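For reference, the chains in residue letters:
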Amino acid sequence: MRTLLELDRVEARYGPVQALHGVSLTVGEGEVVAVLGANGAGKTTTLRAISGTVSRSGTIELEGKPLPRSPEAVARARIAHVPEGRGTFVDLTVEENLRLGAYVRRDREVKADLARVATYFPWLAERRRQRAGTLSGGEQQMLALARALMGRPRLLLLDEPSLGLAPLVVRELFRVVRELNEQEGLAVLVVEQDARAALSVSSRAYVLEVGRVALAGTSAELRGNESVRRSYLGY
Amino acid sequence: MLAAAFADFMQQVVSGLASGGIYALLALALVIIHRSTGVINFAQGEMATLSTYIAWTLWANHGWNYWLAFPATLALSFAGGVATHRIVIRPVERGSVLRIVIVTIGLLIAINGFVIWQWSGEPHQLRSPFPSDVLDVGGVAVSVQDLGTIAVALGIVVLLWLLFQFTKVGLALRAVAVNPEEARLVGVRVSWMLALGWGFAAMLGAVAGMLTAPSVGLDPNLMQALLIYAFAAAVLGGINSPVGAVVGGLALGVILNLLSYLSQYRFFDWFSEELRLPAALLVILVVLLVRPGGLFGHAEVKRV
């Protein structure tokens, strides 16, 4: 499997507080990778370092080339970041949100893709004139995911998609992620507190602890390891 | 007698809509910047004054045809607005709102000083884009001046609305107003969008200035009172609502004119022209106390 994204000793800080102390990880083409860990372990910061929403040091390469450091440029490199907690434009309509997902694209297939993402989330088509802010939490999370897909990403960064959602909605969300990966070969780097849900779709996973990679392995290994389960995954 | 009173009344309404249209343009400029940059641009009035002086210079000093000077001024104002954001606002944008506010106040003083230095404090006469004819519309005397002002104001509002609602740039501009962080994540170059907003605001101000100057005379304080009216209009409509700015502007223009008109009758005879500006300030005060979100906006809710 070819490496799509590679982080090498990435550090990041918020003011005086260092959040990442040299995180190294890779995501292969068409691979789903999970990043697990407790609150404050640096999961979200890892994604933010990639998308350029926090300044970082260390190298990040996309297909062997250095990744730009500003969010606008990272979006243009076709990395879609679905941030934590309802990442939608609440005052805009569903369709406007989706169109913004395709903002960096110059091709003429945006319309066709509006129909394509609606196959994953059929309700989107009926509600395209509705304001995003009037959707339920789960629907907004799905809209955020659909919007990311509109950019035809090479890599999808998913931050805590399950946060505050009902278990049924979480299952639906991860079903779609798996489908996208299997049918379209979409590479995904997913950050989750809900380790069980994340490991069910990922092939490999990293466990972060205070800004460092404490453990790495295949998802099956991590799931099977009793002590890992108890100390890191909490189930 | 009654018909004459009605004609008089309607005349006041029309000229109220005309001055209200100008308030609306300037209020819209304030709203556009407030939505994106999050501050009241106190230099909005002076920027418009400067634009108007540029129009006057092109027309009177360089002998340009007025109809060439008008769009040229719009273009220069747009460029000036964009440059103002890039050079003056952007460096302080990451700081507190107060810093940006202080910078806009500094800009107000600097532009005012520049205008007096360059063109002296003496008033100049700028021609009007419209003839000074008066039409008789069903017994109501309506000046072409007023009708033209209303038409231009509404036309510009509609154009802007089309731009915001139906173009990709417009969508990006709205996305930035809703959530700049998120907008960057989808690849919108937020900083340029903010600059674009400043460009549009400067252009709106230029139109307001060029429509106002012919009737009141062009002097360095041209827009100072107008900015208060515009602020009142924006607050009345809702400081984040473009529709509110337009409705607020028109409503304020009509209300103030009707107060002047009614002052010939008992109970209203206390009102005089000198009270127009205090009345606008009263509107600001009452709206902020009673309905802080204005007619069309919603009060800001801060997530903590």
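Scroll up a little and you will see the structure.
Residues numbered from 1 in each chain as written. Chains lettered and ligands numbered in written order. Predicted model: local features only at pLDDT ≥ 70, side-chain atom pairs only at ≥ 80, totals over all residues.

**Description of the overall build of chain A**
Logical step 1: Helices and strands together make up the secondary structure of chain A, namely 10 helices and 10 strands.
Logical step 2: Expressed as a percentage of the 235 residues in chain A, the buried residues total 47%.
Logical step 3: Partitioning the intrachain contacts of chain A with sequence separation of at least 6 by distance along the chain shows that 70% fall at a separation of at least 24. (Helix = DSSP H or I, 4+ residues; strand = E, 2+ residues; numbered from the N terminus. Buried ≥ 20, exposed ≤ 12 C-beta atoms within 10 Å, placed from the backbone. Contact = placed C-beta atoms within 7 Å.)

**Digging into the overall build of chain B**
Logical step 1: Check the secondary structure of chain B and you find 11 helices and 2 strands.
Logical step 2: Each helix (α) and strand (β) of chain B, taken in turn from the N terminus, gives the series α-α-α-α-β-β-α-α-α-α-α-α-α.
Logical step 3: The C-alpha atoms of chain B give a radius of gyration of 20 Å, which matches the 19 Å a tight globule of 304 residues would have.
Logical step 4: Dimensions of chain B along its principal axes, counting C-alpha atoms only, are 65 × 50 × 35 Å.
Logical step 5: Each of the 304 residues in chain B was classed as buried or not, and the buried ones make up 45%.
Logical step 6: The contacts of chain B with a sequence gap of at least 6 include a subset with a gap of at least 24, amounting to 74%. (Rg over C-alpha atoms; globule rule 2.2 N^0.38 Å.)

**What to know about the sheet that holds strand β8 (residues 187–191) of chain A**
Residues and elements named next belong to chain A.
Logical step 1: With mixed pairing, the 6 strands of this open sheet are ordered in space as β6-β7-β8-β3-β9-β10. The outermost strands of the open sheet, each flanked by one partner alone, are β6 (79–82) and β10 (212–218). Strand-to-strand twist across the sheet, computed as the mean angle between neighbouring axes with direction ignored, equals 15°.
Logical step 2: Two strands pair when backbone bridges link them, and strand β9 (residues 204–209) and β10 are joined in this way by 6 bridges, in the antiparallel orientation. Note that in β10 the partner of Tyr206 across the bridge is Ala216.
Logical step 3: Set on the sheet, helix α1 (residues 43–51) makes contact with β3 (32–37), β6, β7 (155–159), β8 and β9; between it and β7 the angle comes to about 145°. (Pairing = 2+ DSSP bridges. Axes fitted to C-alpha atoms, helices over the stretch in contact; angles between N-to-C directions.)

**Observations regarding the environment of Trp270 of chain B**
All names here are of chain B.
Logical step 1: Residue position: Trp270 is located in the loop between α10 (242–262) and α11 (276–290).
Logical step 2: Classification of Trp270 by C-beta neighbours within 10 Å gives exposed; the count is 8.
Logical step 3: Residues Trp270 and Ser260, spaced 10 residues apart in sequence, show a C-alpha to C-alpha distance of 9.9 Å.

**Overview of the interface of chain A and chain B**
Bring the parts together and some accessible area is lost; that lost area is often taken as the interface size.
Logical step 1: In this complex, chain A contributes 19 residues to the contact, which on the side of chain B involves 13 residues.
Logical step 2: Where the side of chain A that touches chain B is concerned, the elements lending two or more residues are α2 (71–76) and α3 (94–101) of chain A.
Logical step 3: Grouping the constituent residues of the side of chain A that touches chain B by class yields 9 nonpolar, 5 polar and 5 charged. (Nonpolar A, V, L, I, M, F, W, Y, C, P; charged D, E, K, R; others polar.)

**Re the sheet that holds strand β2 (residues 17–28) of chain A**
All names here are of chain A.
Logical step 1: Read across the sheet, 4 strands follow the order β2-β1-β4-β5 without closing on themselves; strand pairing throughout is antiparallel. This sheet does not close on itself; its edge strands, each paired only once, are β2 and β5 (65–66).
Logical step 2: Here strand β4 (residues 56–62) pairs with β5 via 2 bridges, running antiparallel. Paired with Leu62 across the bridge in β5 is Lys65.
Logical step 3: Contacting β1 (3–14), β2 and β4, α1 runs over the sheet at an angle of about 70° to β2.

**Comments concerning unusual backbone geometry**
Logical step 1: Phi at Glu160 of chain A takes a positive value of approximately 45°, unusual for a residue other than glycine.
Logical step 2: Inspection of the secondary structure puts Glu160 of chain A in the loop between β7 and α7 (167–184).
Logical step 3: Even without glycine at this site, Phe267 of chain B takes up a positive phi of about 75°.
Logical step 4: Among the residues examined, Phe267 of chain B registers 8 C-beta atoms within 10 Å and is labelled exposed.

**Here's the deal with the pairing of β4 of chain A**
All names here are of chain A.
Logical step 1: As paired elements, β1 and β4 share 6 bridges and run antiparallel to each other. Paired with Asp8 across the strands is Thr59, a residue of β4.
Logical step 2: The hairpin turn running from β4 into β5, its antiparallel successor, is 2 residues long, and Glu63 in that turn takes a positive phi close to 50°.

**Notes on the environment of Val74 of chain A**
Residue and element names in this part refer to chain A.
Logical step 1: With respect to the secondary-structure elements, Val74 resides in helix α2.
Logical step 2: Each C-alpha atom, one on Val74 and one on Leu189, is 15 Å from the other, the two residues being 115 residues apart in sequence.
Logical step 3: Aside from chain neighbours lying at most four places away, what touches Val74 is Ser51, Gly52, Leu67, Pro68 and Ile79.

**Regarding the pairing of β9 of chain A**
Residue and element names in this part refer to chain A.
Logical step 1: The element β9 is extensively covered by neighbouring structure, given that 5 of its 6 residues are classed as buried.
Logical step 2: Pairing of β3 with β9, which is carried by 5 bridges, proceeds in the parallel orientation. For Leu36, the partnering residue across the bridge sits in β9 and is Val207.
Logical step 3: Between β9 and the antiparallel strand that follows it, β10, lie 2 residues; Val210 among them carries a positive phi value of about 35°.

**Some details on the packing of helix α4 (residues 110–120) of chain A against helix α6 (residues 137–150) of chain A**
Residue and element names in this part refer to chain A.
Logical step 1: As a packed pair, α4 and α6 sit with axes 10 Å apart at the nearest point and diverge in direction by 140°. Overall, the two elements α4 and α6 adopt an arrangement that is oblique. Seen along the crossing, α4 lies across α6 with a hand that is right-handed. Contacts between α4 and α6 involve Asp113, Val117 and Tyr120 on the former and, on the latter, Ala146, Leu149 and Met150.
Logical step 2: Residues that form the contact of α4 with α6 fall into these classes: 5 nonpolar, no polar and 1 charged. (Parallel < 35°, antiparallel > 145°, perpendicular 65-115°, else oblique. Left-handed = near helix turned anticlockwise from the far one by under 90°.)

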